[in-house]
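Here is what each chain is made of, one letter per residue.
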Amino acid sequence: MQRVRVTVDGKVLHDLPVDKELVVGRAPDVDLRIEDDEVSSKHLRIRRSGERILVTDLGSTNGTKTGTGTELKANEEVELSRGQKLVLGEAILELVQVDEQISSAMHDNAATVVAGSNAGQRQLVNLAKFRACKPRLVIAAEHDRRTMPLEVMEVTVGRDRESCEIVIDHQSISAKHAKLSFSGGRCLITDLGSANGTTVNGAKITEPTALDVESAVAIGSVDCLYVQNPPESGDVGVRLAEALAHHVVTKGQASLQQCREVLGEHRQGGRSIGEVYVEKGVLTPAAWMQLWEQREAIGALGVPKMATKSGPPMAVYVALLVIVVIVVLLLVL
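## Regarding the overall build of the chain
So, point 1. When you go through the chain residue by residue, the secondary structure sums to nine helices and 21 strands.
So, point 2. Across the 333 residues of the chain, 41% fall into the buried class.
So, point 3. Restricting to contacts in the chain with at least 6 residues of sequence separation, those with at least 24 account for 44%.
So, point 4. Taken as a whole, the chain presents about 18,000 Å² of accessible surface, with 51% of it coming from carbon and sulfur.

What follows is the structure in structure tokens.
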């Protein structure tokens, strides 16, 4: 499959299949956006014609050059050969050929690998781990309570809607505040020089920091909970989840009904117990992490009897009440 790859300073900015007409430019509504003053709002058009890939400079202000320095004529369609590079400001656009299987696996993660290469195999393994973990960030602000799945292996968190994949509108958060990147089955969080900093489990970070399966993260003053699917599964995972959910009830932090709702969401969607409790506002990320750190002891205790006791059905209480009323009436009469 032929794909268009756009890089800036060696970093992949876009990697898309040429399966439709693509417009490259600086405008927000184009298919491949490049934030560069030397790139026009609608700079270049790319389309497929049979097996050929054709490009047209759309009368851009600063023009489009080939890798050899030749400038494309405005509004004149030319063929782009595989491996040929085009220069748009600071960006390099290139047509690449990618193995179908790897291309399908990677296109959502802005990466291109070569079939059979060690780097490609490592990237595919990393992608498989990423998809199995299903990482997400639970935002636990009073004004903003939601769970955001990490759909690509690198996302930026901040206030700027144009440059951040996860946007949190809060005055304590910088435009580009922190970066979450997935590698080797783990997620790393990096503070991007924010004004109010980033903390993990209460400690301010100054370098890329690995997150555990569940971690309390504060971005500025906004509390969040990072969660990914744990490796354990089956009966062990189920028993631990039930014990943790009911332990919150025994501590008086949740009602039995809330516990049942949380367990229902966990069983149906595989969501973390802490994820649901935090999203519902029952627990703060820090409060959940205190329980999570004690999970082995809580799991060993099992589900408290008081939490599983169902009690007699309501009909029994009604029947008893009717009998009492009848007996009282008979005594009076």
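From this point, the discussion proceeds with the structure in view.
## So, the pairing of strand β1 (residues 2-8)
So, point 1. Counting buried positions along β1 yields five of seven residues, so the element is predominantly enclosed.
So, point 2. The sheet contact formed by β1 and strand β2 (residues 11-17) spans six bridges and is antiparallel. Note that in β2 the partner of R3 across the bridge is P17.

## Here's the deal with the nonpolar core
Burial of nonpolar side chains together is a common tendency in soluble globular proteins.
So, point 1. Ranked by size, the top nonpolar core spans 28 residues in total, and within it L225, I273, Y277, L283 and W288 carry the most contacts.
So, point 2. Secondary structure elements with two or more residues in this core: β11 (136-141), β21 (222-227), α3 (234-250), α4 (256-269), α5 (273-279) and α6 (285-293).
So, point 3. At seven residues, α3 tops the list of elements feeding residues into this core.
So, point 4. The contacts of I273, once residues within four sequence positions are left out, are A241, A245, V262, L263, H266 and W288.

## Comments concerning the packing of aromatic side chains
What describes a pair of aromatic rings is the distance from one ring centre to the other and the angle between the planes of the rings.
So, point 1. With the rule as written, the count across this model stands at two aromatic pairs.
So, point 2. Judged by centre distance (5.2 Å) and plane angle (70 degrees), the rings of F130 and F182 are edge-to-face. Here F182 lies in strand β15 (residues 178-183) and F130 lies in helix α2 (residues 118-133), a separation of 52 residues in the sequence.
So, point 3. One cation-aromatic arrangement involves R295 over W292; the distance from NZ or CZ to the ring centre is 4.2 Å.

## Regarding the sheet that holds strand β4 (residues 32-33)
So, point 1. Read across the open sheet, the five strands follow the order β4-β3-β5-β6-β8; overall the sheet is mixed. Each of the sheet's edge strands pairs with one partner strand only, and the pair in question is β4 and β8 (78-79).
So, point 2. Summarising the sheet, strand β3 (residues 22-25) and β4 pair through two bridges and their orientation is parallel. Of the residues in β4, the one forming a bridge with V24 is L32.

## As for the sheet that holds β21
So, point 1. Strand order in the open sheet made by the six strands is β12-β11-β21-β20-β17-β18, with antiparallel pairing throughout. Edge positions in the sheet fall to β12 (144-149) and β18 (203-204), since each of these pairs with one other strand and no more.

## Observations regarding unusual backbone geometry
So, point 1. The phi torsion at N75 lies on the positive side, around 60 degrees, for a residue other than glycine.
So, point 2. Looking at the element boundaries, N75 is found in the loop between β7 (65-66) and β8.
So, point 3. Given a relative accessible area of 59%, N75 falls into the exposed group.
So, point 4. Look at K134: it is not a glycine, yet its phi comes out positive at around 45 degrees.
So, point 5. With respect to the helices and strands, the residue K134 is situated in the loop between α2 and β11.
So, point 6. For K134, a relative accessible area of 54% translates into the label exposed.

## Things to note about the pattern of salt bridges
Oppositely charged side chains can pair when the atoms bearing their charge come close.
So, point 1. Applying the stated criterion across every chain, the model contains 15 salt bridges.
So, point 2. Put simply, E79 and R52 hold a salt bridge, and the shortest N to O gap is 3.3 Å. Residue E79 is located in strand β8, and its partner R52 is located in strand β6 (residues 52-57); the two are separated by 27 residues in the primary sequence.
So, point 3. On the basis of relative accessibility, which here comes to 41%, the residue E79 falls in the partly exposed class.
So, point 4. One salt bridge connects E265 with R271, and the closest N-O pair in it is separated by 2.8 Å.
So, point 5. A residue is classified by how much of its surface remains accessible, and R271, at 18% relative accessible area, is buried.

## Side note on the confidence of the model for the chain
So, point 1. Summary statistics for the chain give a mean pLDDT of 83 and a share of 84% for residues scoring 70 or more.
So, point 2. The low-confidence segment residues 110-117, where pLDDT is below 50, has 19 contacts with residues more than four positions distant or belonging to other chains.

## Side note on the pairing of β21
So, point 1. Within β21, five of the six residues are buried, which leaves the element mostly enclosed by the surrounding structure.
So, point 2. Where β11 lies against β21, four bridges are found, and the strand directions are antiparallel. Residue pairing in the sheet places R136 in a bridge with V227 of β21.
So, point 3. Examined bridge by bridge, strand β20 (residues 214-219) and β21 share six bridges and lie antiparallel to one another. Within β21, the residue paired with S215 across the bridge is Y226.

Rules behind the numbers
- Residues numbered from 1 in each chain as written.
- Predicted model: local features only at pLDDT ≥ 70, side-chain atom pairs only at ≥ 80, totals over all residues.
- Heavy atoms only, no water.
- Helix = DSSP H or I, 4+ residues; strand = E, 2+ residues; numbered from the N terminus.
- Buried < 20%, exposed > 50% of the residue type's maximum accessible area, 1.4 Å probe, protein only.
- Contact = heavy atoms within 4.5 Å.
- Areas by Shrake-Rupley, 256 points an atom, 1.4 Å probe, with all protein chains shown as cover.
- Pairing = 2+ DSSP bridges.
- Core = buried A, V, L, I, M, F, W, Y, C linked by side-chain atoms within 4.5 Å.
- Phe/Tyr/Trp six-rings, centres within 6.5 Å; stacked < 30°, edge-to-face > 60°.
- Lys NZ or Arg CZ within 6 Å of the ring centre and 35° of its normal.
- Salt bridge = Lys/Arg side-chain N within 4 Å of Asp/Glu carboxyl O.
- pLDDT = per-residue confidence, 0-100.

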